[in-house]
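Next come the chains, spelled out residue by residue.
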Amino acid sequence: MAAVYQALHRRVSSLACRLHSTYVRKMRYLNQLKEDDSLCRQAQTSGTFYLFHNLSPFLQKVGKKYLVPQLSAAETRQILEKLQEAEQWMEKSVLIGCSDEHRPRFALDLGALDKSVIEAELQGSFTDLRKALFVVDRKDSPLLASAQSLLRWHDSHQYCSKTGQPTEKNPAGSKRVCHASGVTYYPQVSPVVITLVSDGSHCLLARQPSFPPGMFTALSGFCDMGENVEEAVRREVAEEVGLEVESLRYSASQHWPFPSSSLMIACHALVGAQRAEISLDTLELEEARWFGLEEIVEGLKREPSSSKQDDGSFLPWFPPKQAIAHQLIREWLQQQSAQTA
Ligand SMILES: NC(=O)c1ccc[n+]([C@@H]2O[C@H](COP(=O)([O-])OP(=O)(O)OC[C@H]3O[C@@H](n4cnc5c(N)ncnc54)[C@H](O)[C@@H]3O)[C@@H](O)[C@H]2O)c1
Ligand SMILES: [Mg+2]
């Protein structure tokens, strides 16, 4: 009876879905795959798979371009059979999206297998995500970032923190359940505020000692428990550079896979020009300073490789366009240029 009901439900849903836009149908279909385990298992057999190895995505270099190949279920099985790893591999995959035609996309980490065999077989290489995000086509970066975050979360939530018993993932990978305690775990995201502070004519950029030489970016910090975005921005700016925010404006947000899975919430903040003296938190930051319009224009043109000077020092450069900090800096520049025009 349950099977008949489920089939009927799917039929009604699919009829209703035909009346909606491509986007709405896609979102509803993905949600169905998360909720309906048998539908998801079926979808795995017709889906495509992005491969990872210990959280590094598989890329193929064709000419100067880096491609992110999607393998069919049959192609993936073929590779795994060569490695004598045909058992239940689909169960380890996680759902990361679908095409407009509802072909589901999954990510699969083959970290337990010999990476060089897979690389030779598929003629490509597993590439560190910190490099991969910046060399692949712009539309592929968010997909790799969210796939890696989800795979990382599953890898680090194999056991229930209450009972110590193994947790079981659902086929889509949208949750894990501990059957001993009944606790359901959902993938976690940490909210992080990133703020471009301005005093009206200059903007404030900073660097941590771990940054590549010469790179400056906007101030950032994890939200504390119970804090709203405005409070987190005010606190982080006060903590890191000793300034008081007078007003702030939300700009945009971005999922960011580092250090594990963050939701970057980007804001512009204004501080009073007469109170804009920086007092640095040297535990976190190595340097923070005000940048004028011209310096921002020059910094945006600079590549990391072109920033080194003859005396060994580095001229400032800013994060690439894939990072939301870049967008904040460009927005500030546009606003300043409009003001001074
Ligand atoms: N996409 C971008 O443009 C962009 C730009 C800047 C920073 N970021 C990201 O923002 C993140 C946070 O910025 P930050 O390092 O200045 O934060 P931060 O100022 O809060 O300092 C980091 C410290 O906060 C503590 N912390 C509190 N909650 C944490 C959590 N959930 N996970 C890890 N550490 C936690 C740890 O002690 C850590 O060392 C960075 O890891 C970086 O990946 C992204
Ligand atoms: Mg910080």
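Refer to the structure presented above.
Calculation notes
- Residues numbered from 1 in each chain as written.
- Chains lettered and ligands numbered in written order.
- Predicted model: local features only at pLDDT ≥ 70, side-chain atom pairs only at ≥ 80, totals over all residues.
- Heavy atoms only, no water.
- Buried < 20%, exposed > 50% of the residue type's maximum accessible area, 1.4 Å probe, protein only.
- Helix = DSSP H or I, 4+ residues; strand = E, 2+ residues; numbered from the N terminus.
- Arc of directions from axis to C-beta.
- Contact = heavy atoms within 4.5 Å.
- Pairing = 2+ DSSP bridges.

With that settled, the discussion passes to helix H5 (residues 115-122). Listed as buried for H5 are Ile118, Glu119 and Leu122. The arc that holds every buried residue of H5, seen down its axis, measures 100°, which confines them to one face. The secondary structure elements touched by the buried residues of H5 are strand E1 (48-53), strand E2 (56-62), strand E4 (71-72), helix H4 (73-82) and strand E7 (125-126). A positive phi of about 50° marks Gln123, the residue just after H5.

Within strand E12 (residues 203-207), 5 of the 5 residues are buried, which leaves it mostly tucked inside the rest of the structure. Burial along E12 is two-sided: the residues Cys203, Leu205 and Arg207 and Leu204 and Ala206 are all buried. Where strand E11 (residues 190-198) lies against E12, 2 bridges are found, and the strand directions are antiparallel. Bridge assignment links Val197 to a residue of E12, and that residue is Leu204. Between E11 and the antiparallel strand that follows it, E12, lie 4 residues; Gly200 among them carries a positive phi value of about 105°. Where E12 meets strand E16 (residues 287-291), 5 bridges bridge the pair, whose relative direction is antiparallel. For Leu205, the partnering residue across the bridge sits in E16 and is Arg289.

When you tally the buried positions in E1, you get 6 out of 6 residues, the bulk of the element. In E1, alternate side chains face the same way, and those of Thr48, Tyr50 and Phe52 on one face and Phe49, Leu51 and His53 on the other are all buried. As defined by bridge partners, E1 adjoins strand E6 (residues 104-109) across 5 bridges and the pair is classed as parallel. Within E6, the position partnered with Tyr50 by the bridge is Ala107. Bridge count for E1 against E2 is 2 bridges, and the pairing is antiparallel. Paired with His53 across the two strands is Ser56, which belongs to E2. Between the antiparallel neighbours E1 and E2 lie 2 residues, among them Asn54 with a positive phi of about 45°.

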